[in-house]
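Per-entry structural report
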Amino acid sequence: QVQLVESGGGLVQAGDSLRLSCAASGRTFSTYAMAWFRQAPGKEREFVAVISRSGGATYSGDSVKGRFTISRDNAKNTVYLQLNSLKPEDTAVYYCAARSGMATTVSGSYELWGQGTQVTVSS
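Owing to the predicted nature of the structure, the values given are computational and were not obtained by experimental measurement. (Residues numbered from 1 in each chain as written. Predicted model: local features only at pLDDT ≥ 70, side-chain atom pairs only at ≥ 80, totals over all residues. Heavy atoms only, no water.)

Once that is clear, we can look at the environment of serine 30. Summarising the element assignment, serine 30 is placed in the loop between β3 (18-24) and β4 (32-39). On the basis of relative accessible area, serine 30 is assigned to the partly exposed category, the value being 40%. It is 8.7 Å that separates the C-alpha atoms of serine 30 and alanine 75, two residues lying 45 residues apart in sequence. Those residues in contact with serine 30 that lie beyond four places of it in its chain are Arg53, Arg72 and Asn74. (Helix = DSSP H or I, 4+ residues; strand = E, 2+ residues; numbered from the N terminus. Buried < 20%, exposed > 50% of the residue type's maximum accessible area, 1.4 Å probe, protein only. Contact = heavy atoms within 4.5 Å.)

This is the structure we're talking about:
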């Protein structure tokens, strides 16, 4: 079974960039669609971006489209989220998630979750 560990979060200023990483254990990483979600205090978990098993297809949520980019390296068992032009409203705990099969934007369909990494954007 795949286990997920996120890293790369931190405190940055508005307009800065960050790259989050999610390292997966196990030898079946390429069989999982991968996604990033985020949750701000007092808010529901929000879909951020998803990438297909091969990496050939991606999709991002409207609030991050054009600023955030998801990618993966199956040889390194890692999925990335590049965060550019950060805004204070991007402040949240960011989670990576994995599901076997097709990529979706529905958090409840994901089987595996990391522990999360905090991103804080100051104005």
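Attention now moves to the side chain of arginine 99. Assignment of secondary structure puts arginine 99 in strand β9 (residues 92-100). Here arginine 99 occupies a buried position and makes no salt bridge, while the nearest side chain of opposite charge, glutamate 111, is found at 5.2 Å. (Lys, Arg positive; Asp, Glu negative; His and termini not counted. Salt bridge = Lys/Arg side-chain N within 4 Å of Asp/Glu carboxyl O.)

Looking now at the sheet that holds strand β7 (residues 68-73). Spatially, β1-β3-β8-β7 is the arrangement adopted by the 4 strands of the open sheet, whose pairing is antiparallel. Pairing within the sheet leaves two strands with one partner each, and these edge strands are β1 (4-7) and β7. Recorded for the sheet is a direction-independent mean angle of 15° between the axes of neighbouring strands. Pairing between β3 and strand β8 (residues 78-83): 6 bridges, direction antiparallel. Paired with alanine 23 across the two strands is threonine 78, which belongs to β8. (Pairing = 2+ DSSP bridges. Axes fitted to C-alpha atoms, helices over the stretch in contact; angles between N-to-C directions.)

Further remarks concern the nonpolar core. Soluble globular proteins: nonpolar side chains tend toward being buried together. Grouped together as the largest cluster of nonpolar side chains are 29 residues, with contacts concentrated most on Leu4, Met34, Trp36, Leu81 and Tyr94. Elements supplying a minimum of two residues to this core: β3, β4, β5 (46-51), β7, β8, β9 and β11 (117-122). Ignoring sequence-local partners within four residues, the contact set of methionine 34 consists of Leu4, Cys22, Phe29, Ala49, Val50, Ile51, Ile70, Arg72, Val79, Ala97, Ala98 and Tyr110. Counting residues in each nonpolar core, the second largest holds 6 residues, with Phe37, Val50, Ala97 and Tyr110 among its members. (Core = buried A, V, L, I, M, F, W, Y, C linked by side-chain atoms within 4.5 Å.)

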